[in-house]
Amino acid sequence: MLQLFHNPKIDFMSKRRLWVAVSLTLIVISLGILWTKGIHRGIEFEGGAEVQLTYKSTPDVASVRNALANAGYSGAIVTTIGKPEENEIYVRVPLVPGAKEQDLAPRVVASLREAQGSNPINEVRSQSYIGPTVGRELVKKALGAVIGSMAGMLVYIWIRFEFQWGLAAVIALVHDTIITLGLFSLFGYEMSLPVVAAFLTLVGYSVNDTVVIFDRIRENLRAKGGTVTSLPDLINTSMNQTLSRTILTSLLTWIVCAFLFALGGPALRDFSFVMVVGIIVGTYSSIYIASPFLVVWQEWLGERAKKKTAVEAPKTVAKKVRTGKA
Amino acid sequence: MSNTMTWKLGLIVGAVGLSVYLFYPPKETINLGLDLQGGSHLVLQVEASAAVKSEIDLAINRIGQMLKEKSIPYSSITSSADGLGMDIQGVDSARSADVREILDTIVPRWSVTPSGADWSIRIPDSIKLQVEATSVETTLTVLRQRVDELGVKEPIIQKQGSSGDRIVVELPGIDDPERAKGVLQDQAVLEWKAVAYPPGVTDFEGWRPPATKDAVIQMFGGTIPPNVELAAEIYVESNGTRTEYWWPLQSIAAIVGNDLRSARRGADAMQRNVVDFVLSPEAGKRFQAATRENLRKKMAIVLGSAKGKVVISAPVINDVISDRGQISGRFDVKSAEDLALKLRSGAIPTAVTIIEERTVGPSLGKDSIRAGVFASLLGFVGVALFMLVYYRLSGVNAVIALLMNVVLVLGAMAYFGSTLTLPGIAGLILTVGMAVDSNVLIFERIREELRLGKAVRTAIDQGFSRAFGTIVDTHVTTIVSAFFLFTYGTGPVRGFAVTLVIGLLFSMFTAVFVSRVIYDLVLGDRRNVQSLSI
């Protein structure tokens, strides 16, 4: 039998402080990247025009840029895309504040045609225009959807398990989202509608590993009648029992996303980047963030109970973890 | 084979057969999104507030005119600063009753607050909303008409957004987006033109022109006079027969669409359906002269669009008309309403702005499909190989379940007529990646039970039943986020969310039910299964 791990006995929990420190550092770095580099926002969010066109022979990006500047489009982005032999360029022009510019995209194409000279435009492969109001609404909607779906996870896991389990899962999700966003910014990818979709999918997917481990922890708790002497030990056992499937499931989905990233064409690249990175971060956080949080929570409750008992009557602190209704 | 087994196998074969039947051949049954087949996606903003303004302006015009007609002194009448009504200043207070009467006729349901010599008149919210809604409706109808003229196959034209003043227009496969946009935003020109009767026609009221251009030219003796032009009136019966009448018209229009303030279905004294229309005061004067000249003759209402001019109706002028008129004919409720609508559409009350455009050329769409499908196929092969190497014969089981999952998703997409977008292709293959997770959960659990020394059948039983709760949990969480994705997204992203959810739902069936049946089928009735290839 081919097996990833032979009866693993990894002590995940004892180094939990180290891993939390690692994660916190990563989060701080990510936030730093986001703060300094920001995120390229696609025209869906920013407004503006975008055209993709092919030329008869290799286009000169600098002269295209000049042509646009001469036509009065400042701040235009011009890059070559696709295979070199396709002679394809991508042009993006920002909105000019206060102007009526619903014809922005065709006007950009027209001014490029005027300046095409001996290398004529072969085909306009796509053109898009997004007005200023659309973008603002979209940012709000996107944030709403991400927060909404995290809240949805919290509530669902709360119902199926307990509040602190839901909280643990959501903390891991926030962790995944921030770190993935940081890397997204670092590599200079562009935020677009499908990328937001990828983040939402990631939220839904990366909680899966967490749930698989949680299910096992709960099962083991129940087997012991709900009372355990050492929660960290029990969590350790559960994580080792589920380690193969945690890694395998992530790996399989990751394979698919990696193919999309490498071969799916430019339109799917930003989207699959989020999944490729997010799945790795998500798997890590399921093991090193979500489950240890359960222990942290219990210790914290324990501390509070101790303080309370110091004032009131001395009682033994039952190390009991409630295991949910189901 | 036991009865339950037959039943289960029947269900599986039936589901797969039905799906294949539904989506075969995929080129015809699966709708491709605009990002894959090429075309234009436009979002138009209807400036509904402009319609309210023009409604107020119209009222101001008419009230001013009535005040003059009735010789009621006033110093000024202006639209209010808040844009929601008008203020009349310096009205002779002795004539308050008359003012009231005028207001009751022209703006019956508006709120009127007199204070001394000044009157403030405001449009109430209910009427304002109604005017706005009508302007969006009208625009929608005009757009439909114009898209039909463009000859686009399977266009989508619908309202979007909570405020209800946005219109989405999807035009698959158009090759000239600029022309399409031009036509859509075209303020169609409506003109009223007197019929230029050919020589020899005496029955002006009953005359109908011939059905071909040549026949009309013939009636004029071979050449059309310089001040006459031809325009066709076209009837298309429900069975598709098309009748044309070629009207000779005076080329100078008596009035044009911008002169028209409104048109509504109404009833005449005999309770027959008519179309009532109102012209601006200035146009009324011109129309008065034109109708006096053409009394007992026909005047054509001509709608000019990107495709040319079409006569929509040619009523007889029975009376001298100034700013209010009535078109009578053999209308039923619908045709009267339609004509009123076309008249209104000639004078689109509002501007329409494109706030979003996405146009994808057909070649880009093809490239996207090629890359997306290629990457997906390799992704599938990668997953399948991994499962076969890692789980051996049980891996075969998983791959069968996965294939079935894809088939069922395609079948469902064909059945619901949902649209496959580029993110949708990604969603489909991502579903495969997630569906296989269920198989892994089950197989790992079975291995675990086997390691505990349980018999093969027991291990399989417990593997499935113990993994089930976890599988449900993981599916629900992903579906919850897909739900938010759906509410947030537009077009392509929705396509992704839909594919993902359908795929996940089916994977519950394929990974749990189908895989189980395959095990039962392979292990058969053997009592004592010694080993399992997993």
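Residues numbered from 1 in each chain as written. Chains lettered and ligands numbered in written order. Predicted model: local features only at pLDDT ≥ 70, side-chain atom pairs only at ≥ 80, totals over all residues.

Novice: What should I look at first to understand the overall build of chain A in this one?
Specialist: What chain A contains, in helices and strands, is 9 helices and 6 strands. Scaling as 2.2 N^0.38, a compact globule of 326 residues should have a C-alpha radius of gyration of about 20 Å, whereas chain A reaches 26 Å, well beyond that. In terms of its C-alpha atoms, chain A occupies a principal-axis envelope of roughly 90 × 55 × 35 Å. Put simply, chain A has 326 residues, and 46% of those count as buried. (Helix = DSSP H or I, 4+ residues; strand = E, 2+ residues; numbered from the N terminus. Rg over C-alpha atoms; globule rule 2.2 N^0.38 Å. Buried ≥ 20, exposed ≤ 12 C-beta atoms within 10 Å, placed from the backbone.)

Novice: How should the interface of chain A and chain B be read in this particular structure?
Specialist: The extent of an interface is frequently quoted as the accessible surface area lost upon association of the parts. Contacts between the two partners involve 55 residues from chain A, matched on the other side by 57 residues from chain B. Within the residue set of the side of chain A that touches chain B, elements represented by two or more residues are α4 (104-114), β5 (121-130), α5 (132-160), α7 (193-223), α8 (231-263) and α9 (266-311) of chain A. In terms of residues, the side of chain A that touches chain B owes the most to one element, α7 of chain A, which gives 13 residues. Residues of the side of chain A that touches chain B, tallied by class, amount to 31 nonpolar, 18 polar and 6 charged. Relative to strand β18 (residues 352-360) of chain B, β5 of chain A runs antiparallel, the two sharing 5 bridges. Among the inter-strand pairings, Gln127 of chain A is bridged to a residue of β18 of chain B, identified as Thr359 of chain B. (Contact = placed C-beta atoms within 7 Å. Nonpolar A, V, L, I, M, F, W, Y, C, P; charged D, E, K, R; others polar. Pairing = 2+ DSSP bridges.)

Novice: Help me understand unusual backbone geometry in this model?
Specialist: As a rule of thumb, non-glycine residues mostly have phi less than zero, and peptide bonds are mostly trans rather than cis. Residues and elements named next belong to chain B. For the peptide bond that leads from Tyr24 to Pro25, omega is -10°, which places it in the cis range. Inspection of the secondary structure puts Pro25 in the loop between α1 (3-23) and α2 (26-29). Positive phi is not limited to glycine here, since Ser71 has a value of about 50°. Take Ser71: it is sitting in the loop between α4 (48-69) and β3 (76-79). One non-glycine residue, Arg296, lies in positive phi territory at about 65°. Within the secondary structure, Arg296 sits in the loop between α9 (281-293) and β15 (299-305).

Novice: Help me out: how do you make sense of the sheet that holds β3 of chain B in this one?
Specialist: As a general point, the strands of a sheet are linked pairwise by backbone hydrogen bonds and lie either parallel or antiparallel. Residue and element names in this part refer to chain B. Ordered by their spatial adjacency, 4 strands build an open sheet running β3-β4-β6-β5, and the pairing between neighbours is antiparallel. Of all the strands in the sheet, the pair left with one neighbour each is β3 and β5 (111-115). Ignoring strand direction, the axes of neighbouring strands in this sheet form an average angle of 15°. One ladder, built from 5 bridges, connects β5 with strand β6 (residues 118-122); its direction is antiparallel. Across the sheet, residue Pro114 finds its bridge partner in β6, namely Trp119. (Axes fitted to C-alpha atoms, helices over the stretch in contact; angles between N-to-C directions.)

Novice: Help me understand the sheet that holds strand β2 (residues 39-46) of chain B, please; the structure alone is not making it clear to me.
Specialist: With antiparallel pairing, the 8 strands of this open sheet are ordered in space as β3(A)-β4(A)-β2(A)-β5(A)-β18(B)-β2(B)-β8(B)-β7(B). The open sheet has two edge strands with one neighbour each: β3 (77-81) of chain A together with β7 (156-160) of chain B. Within this sheet the neighbouring strands show an average axis-to-axis angle of 20°, counted without direction. This element, α4 of chain A, spans β2 (48-55), β4 (88-93) and β5 of chain A together with β18 of chain B of the sheet and lies at about 150° to β5 of chain A.

Novice: What should I look at first to understand the pairing of strand β14 (residues 273-279) of chain B in this one?
Specialist: Each regular strand shows side chains that alternate between the opposite faces of the sheet. Residue and element names in this part refer to chain B. Within β14, 5 of the 7 residues are buried, leaving the element largely enclosed by the surrounding structure. As judged from the 7 bridges shared by strand β13 (residues 260-267) and β14, these two strands associate in the antiparallel manner. Residue pairing across strands places Arg265 opposite Val275, the latter belonging to β14. Between β13 and β14, which pair antiparallel and follow one another directly, the connecting turn spans 5 residues, one of which, Gln271, has a positive phi of 65°.

Novice: What am I meant to see in the domain arrangement of chain A here?
Specialist: Examined at the domain level, chain A breaks down into domain 1 (16-41 + 135-311) and domain 2 (48-130). Look at where the C-alpha atoms of domain 1 of chain A and domain 2 of chain A centre, and you get two points 41 Å apart. (Domains from an automatic or database assignment.)

Novice: Can you walk me through the domain arrangement of chain B in this structure?
Specialist: When the domains of chain B are assigned, the result is domain 1 (3-38 + 362-523), domain 2 (53-126) and domain 3 (190-330). For domain 2 of chain B and domain 3 of chain B, the distance between their C-alpha centres works out to 35 Å.

Novice: Would you explain α9 of chain B in this entry?
Specialist: Each turn of an α-helix holds 3.6 residues, which means side chains three or four residues apart point in the same direction. Taking 1.5 Å of rise per residue, the 13 residues of α9 of chain B would be expected to cover 18 Å, and the 19 Å separating its terminal C-alpha atoms lies within 8% of that figure. Within the span of α9 of chain B, buried status applies to Ala283, Phe287, Ala290 and Thr291 of chain B. (Expected span 1.5 Å × (residues − 1).)

Novice: What is the right way to read the packing of helix α6 (residues 163-186) of chain A against α7 of chain A from this model?
Specialist: A packed helix pair is summarised by two numbers, namely the angle formed by the two axes and the spacing between the axes. All names here are of chain A. Two elements in contact, α6 and α7, have axes whose closest approach is 10 Å; the angle formed by their N-to-C orientations is 135°. With respect to each other, α6 and α7 are oriented oblique. The handedness of the crossing between α6 and α7 comes out as right-handed. Residues Trp165, Ala169, Ala172, Leu173, Asp176, Thr177 and Thr180 of α6 form the contact with α7, whose participating residues are Phe199, Leu202, Val203, Ser206, Val207, Thr210 and Phe214. Taken together, the residues of the contact of α6 with α7 sort by class into 9 nonpolar, 4 polar and 1 charged. (Parallel < 35°, antiparallel > 145°, perpendicular 65-115°, else oblique. Left-handed = near helix turned anticlockwise from the far one by under 90°.)

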